[in-house]
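# Structural features, examined
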Amino acid sequence: MATIKELSLQEDRLTGGHRMCPGCGAPVIVRQVLMAVKEPVVIVSATGCLEVSTTIFPYSAWKVPFLHSAFENSAATMSGVEAAYTSLKKQGKIKDEIRFIAFGGDGGTYDIGFQSLSGAMERGHDMLYVCYDNQAYMNTSIQRSGATPRGASTTTEPAGKVKQGKVMTRKDLTECMVAHNIPYAAQSVCGDWRDLTKKVEKAMSIRGPKFINVLQPCQLGWGYPMDKTVELGKTAVDTCFWPLYEVENGKYTISYKPKDKKPLVDFLKPQSRFRHLFKPENAQLLSELQADVDKKWALLQKKAECFGA
């Protein structure tokens, strides 16, 4: 694994001057992902916060080949790019070892882009798909998505007299990707550069389809001070709301186990999207959310124990 000094010497492939929100975790994730890739790289990005803020015509913050795809087909677009590269390399027209990374937000990955992603993984394209998961359609006014956790208030499922935020639990997309029997799938977080860069390095060493789901706190949609993004990401991990783990050829390994697992309320309280949960009448819902986190954490540990990890 590269040290922080080695990473800092890498060329910055995403420049400053883009128009992401102050405190946004997406550019942090992208810069760290690209720092961990030593080879030439081609990027595809779905329409979303990342794309609209870094490629305002006629400008671009990307210093690598970049393709903008529609909201729903980042993975399909990269599939075509990778297939063309494979063909040209077989013909001897390309000699370089090039890597391929597709980015998408949770809306363009969990929901509208799921079919595209599933197809790319099933076909076995040699690419890495990175989902920057901010848990709602933030670019279009904070509508709920399949990644939005139960109890979160959004513009399309707000907390009020009828509902207390989103009713359904969030989709477990990482496990969906594991079910595709791909060689590598993992979860990481904005706020742990060691974990993220290590997993990207491992993904780049593996041929075939790879997927990394990165939790990205969003100060606009989550409602917290813009300087707390990294801190909130770490709290998500310490409460086991967002466990860090990887699955390599079916083998589960937990990347980090909190010595003292924090209560879920430590993650929920700083966010305005969950403030309604702390009303006395919602005590039962808060208890159910904690029980759900505990259940999933226990299940993940059992999966890892089967492999001695």
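Heads up: these notes are all about the structure in this document. The model shown is predicted, which means the values in this text are computed figures rather than measured ones.

### Digging into the sheet that holds strand S6 (residues 210-215)
Strand order in the open sheet made by the eight strands is S2-S1-S3-S4-S6-S5-S7-S8, with mixed pairing throughout. The strands lining the two open edges of the sheet, one partner per strand, are strand S2 (66-68) and strand S8 (251-254). Averaged over all neighbouring strand pairs, the angle between strand axes comes to 15°, with direction disregarded. Inspection of the sheet shows strand S1 (residues 41-45) paired to strand S3 (residues 99-105) by five bridges, in the parallel sense. The residue bridging Ile43 from the neighbouring strand is Ile101, located in S3. Here helix H4 (residues 74-90) sits on the sheet in contact with S1, S2, S3 and strand S4 (128-133), set at roughly 175° to S3.

### As for the packing of helix H2 (residues 26-35) against helix H8 (residues 193-204)
Relative to each other, H2 and H8 sit at 45°, their axes nearing to 8 Å. When the axis of H2 is compared with that of H8, the two are oblique. The handedness of the crossing between H2 and H8 comes out as right-handed. Packed against H2, whose contacting residues are Ile29, Gln32 and Val33, the element H8 presents Trp193, Leu196, Thr197 and Val200 at the interface. Among the residues forming the contact of H2 with H8, the class breakdown is five nonpolar, two polar and no charged.

### Some thoughts on the state of the cysteines
The full count for this structure, using the stated rule, is zero disulfides. With no disulfide of its own, Cys131 lies 12 Å from the sulfur of Cys176, the closest cysteine sulfur. Owing to a relative accessible area of 0%, Cys131 belongs among the buried residues under this scheme. Distance from the sulfur of Cys240, which forms no disulfide, to the nearest cysteine sulfur (Cys306) is 18 Å. For Cys240, a relative accessible area of 4% corresponds to the buried category.

Each value, and the rule that gives it
- Residues numbered from 1 in each chain as written.
- Predicted model: local features only at pLDDT ≥ 70, side-chain atom pairs only at ≥ 80, totals over all residues.
- Heavy atoms only, no water.
- Pairing = 2+ DSSP bridges.
- Helix = DSSP H or I, 4+ residues; strand = E, 2+ residues; numbered from the N terminus.
- Axes fitted to C-alpha atoms, helices over the stretch in contact; angles between N-to-C directions.
- Contact = heavy atoms within 4.5 Å.
- Parallel < 35°, antiparallel > 145°, perpendicular 65-115°, else oblique.
- Left-handed = near helix turned anticlockwise from the far one by under 90°.
- Nonpolar A, V, L, I, M, F, W, Y, C, P; charged D, E, K, R; others polar.
- Disulfide = S-S within 2.5 Å.
- Buried < 20%, exposed > 50% of the residue type's maximum accessible area, 1.4 Å probe, protein only.

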